[in-house]
Amino acid sequence: MKIKTNQSHLEDTLKILLLFILMFFTTLTFAQINDHSEAVNKAADKIEQKVIEWRHDIHQNPELGNREFRTAALIAKHLESLGIDVQTKVGVTGVVGILKGDKPGPVVALRADMDALPVEEKNDLPYASKVKANYNGNETSVMHACGHDGHVAILMGVAEILSEMKSDLKGTVKFIFQPAEEGAPFGEEGGASLMVKEGALENPKVDVIFGLHLDASTEVGKITYKPAGIMAGNSDMKITVKGKPTHGAYPWMGIDPIVVSAQIITSLQTIVSRNITLTDNPAVVTIGAINGGNRSNIIPEQVEMLGTIRTFTNEDEAFVYKRIREIVEMTAQAAGTTATVELPYTTRTPVTFNNEKLTKLMLPTLEKTAGKENVMLIPAATGAEDFSFFAQKVPGLYFSLVQRAKAEI
């Protein structure tokens, strides 16, 4: 799920977010949460301005996936200053902090994603990003358009407060600052899957993990959640349609891959509209890019298309994959040519699954923190999140805190 946040409202949510995570965490790690509520509130009040300043700084200096060098250094320096054990370069630029409480208890991981997007920021905020960087071989503007700057600042604040309450802490906290949630550069590995592979959930072994997202779909102070599948599994694909080039004035002398591609695109829409039981599980098949040809009067040799697939079960995913391949290959065959499908092409993200037992356990804390009327059960979203790789390994809960803003999905 990628939602552009309205920057002018983000500060309104920082204290709420900070308080919520602390209360959320303390439900598992403090023996008597009521005895510590006042201390948590005071600590949050004290650190609020610092969290806002961190967020502004990170927002003004965004970095793309697997290139979060400055952000990672800022995080590591802060955690080290708190006496937290720090591991760097986990999953390329990831940072893991380990805070051991003075009392025995579970190992709880809190995750914040660090990377920005190849998006131009168009506003006049004093901390607006002017950064440009190389993205897959092209210069591009860079912006924190998905709230990751807020996620990082919040978790840095949580680390500071919990480190000051170490003597009362039951268990161990792992602060996981993850790179490349938006995807690693082409040809590179990254994100949550690489952090898992490199041991971010081990030594000590994590018992449960929590993640959050700043959402811009409703007013400040609301929390949204859903047990089981909350976000879709996601795969990208590349379709290459071969043709026979010829002059545009004599199309019968060649095979037009643009016409074949148009037929493929139209037919792909029938997978969702005619093959999926939408009352059971939603699905999405989208073509997001089509490239072929360079002149108005020349039929090109081939066309390349890029697209995305969203499903909520492994069975639906396998079926959609099968239908895509059938449609692409047979449509090309009917036109007297060939086409290939690379699926997945560069990425595959599983369904983001909220452990149902953990969700039920934490619901009273959600309601206590935000007010029962402000905690909303939502339907599944067809966006995707690589937090799912963590939640595949240990029980996880991913939720959203929302703020008044225009959603740009």
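Residues numbered from 1 in each chain as written. Predicted model: local features only at pLDDT ≥ 70, side-chain atom pairs only at ≥ 80, totals over all residues. Heavy atoms only, no water.

1. Some words on the pairing of strand β4 (residues 132-135)
Inclusion rule: Two strands make a pair as long as DSSP finds a minimum of two bridges between them. Runs of H or I in DSSP of at least four residues are treated as helices and runs of E of at least two as strands, each being numbered from the N terminus.
As paired elements, β4 and strand β5 (residues 138-141) share four bridges and run antiparallel to each other. Residue pairing for β5: Lys132 is matched across the bridge by Ser141. In sequence, β4 turns back onto β5 through a hairpin of two residues, with Asn136 there showing a positive phi of about 50°.

2. Here we look at helix α3 (residues 69-81)
We count it as follows: A helix is expected to span 1.5 Å multiplied by its residue count minus one. Here the term buried applies to any residue with accessible area under 20% of the maximum for its type, exposed to any over 50%, and partly exposed to those in between, with areas from a 1.4 Å probe on protein chains only. The arc in question is formed by the directions pointing from the helix axis toward the C-beta atoms.
Between its first and last C-alpha atoms α3 spans 18 Å; for 13 residues at 1.5 Å apiece the expected length is 18 Å, and the two agree. Those residues of α3 not exposed but buried are Thr71, Ala72, Ile75, Ala76, His78 and Leu79. Seen end-on, α3 carries its buried residues on one side only, within an arc spanning 165°. Away from its buried face, by an angle of more than 90 degrees, α3 presents the exposed residues Phe69, Lys77 and Ser81.

3. Digging into the environment of Gly211
In this structure, Gly211 sits in strand β7 (residues 208-215). Considered as a pair, Gly211 and Gly396 are 185 residues apart in the sequence and their alpha carbons are 7.9 Å apart.

4. So, the packing of aromatic side chains
For clarity, the threshold we go by: Only Phe, Tyr and Trp rings take part, Trp by its six-membered ring, and two of them pair if their centres are within 6.5 Å. Stacked means planes under 30 degrees apart, edge-to-face means over 60, and tilted covers everything else.
Going through the model one piece at a time under the given rule, you end up with four aromatic pairs. Joined through ring pairs, the aromatic side chains of Phe387, Phe390 and Tyr398 make up one cluster.

5. Quick notes on the confidence of the model for the chain
Low pLDDT marks regions whose predicted coordinates should not be analysed in detail. The cut-off we apply is this: Values of pLDDT, ranging from 0 to 100, describe the predictor's confidence in every residue of the model. In this analysis, two residues are considered to be in contact whenever any of their non-hydrogen atoms come within 4.5 Å of each other.
Mean pLDDT over the chain works out to 89, with 89% of the residues at or above the 70 mark. For the stretch residues 404-409, pLDDT sits under 50, and the model shows 17 contacts to residues farther than four places along the chain or on other chains.

6. As for the nonpolar core
Quick reminder of the rule: Residues belong to a common nonpolar core when they are buried Ala, Val, Leu, Ile, Met, Phe, Trp, Tyr or Cys residues joined through side-chain atoms within 4.5 Å.
Counting residues in each nonpolar core, the largest one holds 44 residues, and the members touching the most others are Ile75, Leu110, Phe175, Phe177 and Phe210. It is helix α4 (residues 148-164) that contributes the most residues to this core, nine residues altogether. Those residues in contact with Phe177 that lie beyond four places of it in its chain are Ile75, Leu79, Gly94, Val95, Ala112, Met114, Val152, Leu155, Met156 and Met195. Membership of the second largest hydrophobic core comes to 23 residues, among which are Ile239, Leu268, Val320 and Leu343.

7. Focus on a nonpolar patch on the surface
Threshold: Patch membership requires over 30% relative accessible area and the absence of a salt bridge. Like charges are linked within 9 Å, and nonpolar side chains (Val, Leu, Ile, Met, Phe, Trp, Tyr) within 5 Å. For the accessible areas, the method is Shrake-Rupley and the probe is 1.4 Å, while residue cover comes only from the protein chains on display. For salt bridges, the criterion is a side-chain nitrogen of Lys or Arg within 4 Å of an Asp or Glu carboxyl oxygen.
Together, Tyr250, Trp252 and Met253 line one region of the surface with nonpolar side chains, adding up to about 410 Å² of accessible area. Looking at the secondary structure, you find Trp252 in the loop between β11 (246-247) and α6 (257-275). By relative accessible area, Trp252 is classed as exposed at 66%.

8. Here's the deal with the side chain of Ser163
Within the secondary structure, Ser163 sits in helix α4. Residue classification places Ser163 among the buried positions, given a relative accessible area of 15%.

9. Concerning the pattern of salt bridges
What the rule picks out here adds up to 14 salt bridges. Salt-bridge contacts for Asp102 lead to Lys166; the nearest nitrogen and oxygen are separated by 2.8 Å. Here Asp102 is found in the loop between β2 (94-100) and β3 (103-113), whereas its partner Lys166 is found in the loop between α4 and β6 (170-178), with 64 residues between them in sequence. The exposure class of Lys166 is partly exposed, given its relative accessible area of 33%.

10. A closer look at unusual backbone geometry
Following Asn203, the chain continues into Pro204 via a peptide bond in cis, with omega recorded as 0°. Residue position: Pro204 is located in the loop between α5 (191-197) and β7. Going from Leu343 to Pro344, the amide bond is cis rather than trans, its omega being -5°. For Lys89, which is not a glycine, the phi torsion comes out positive at approximately 60°. By the secondary structure assignment, Lys89 is in strand β1 (residues 85-90). Of the residues examined, Lys89 reaches a relative accessible area of 67% and is grouped as exposed.

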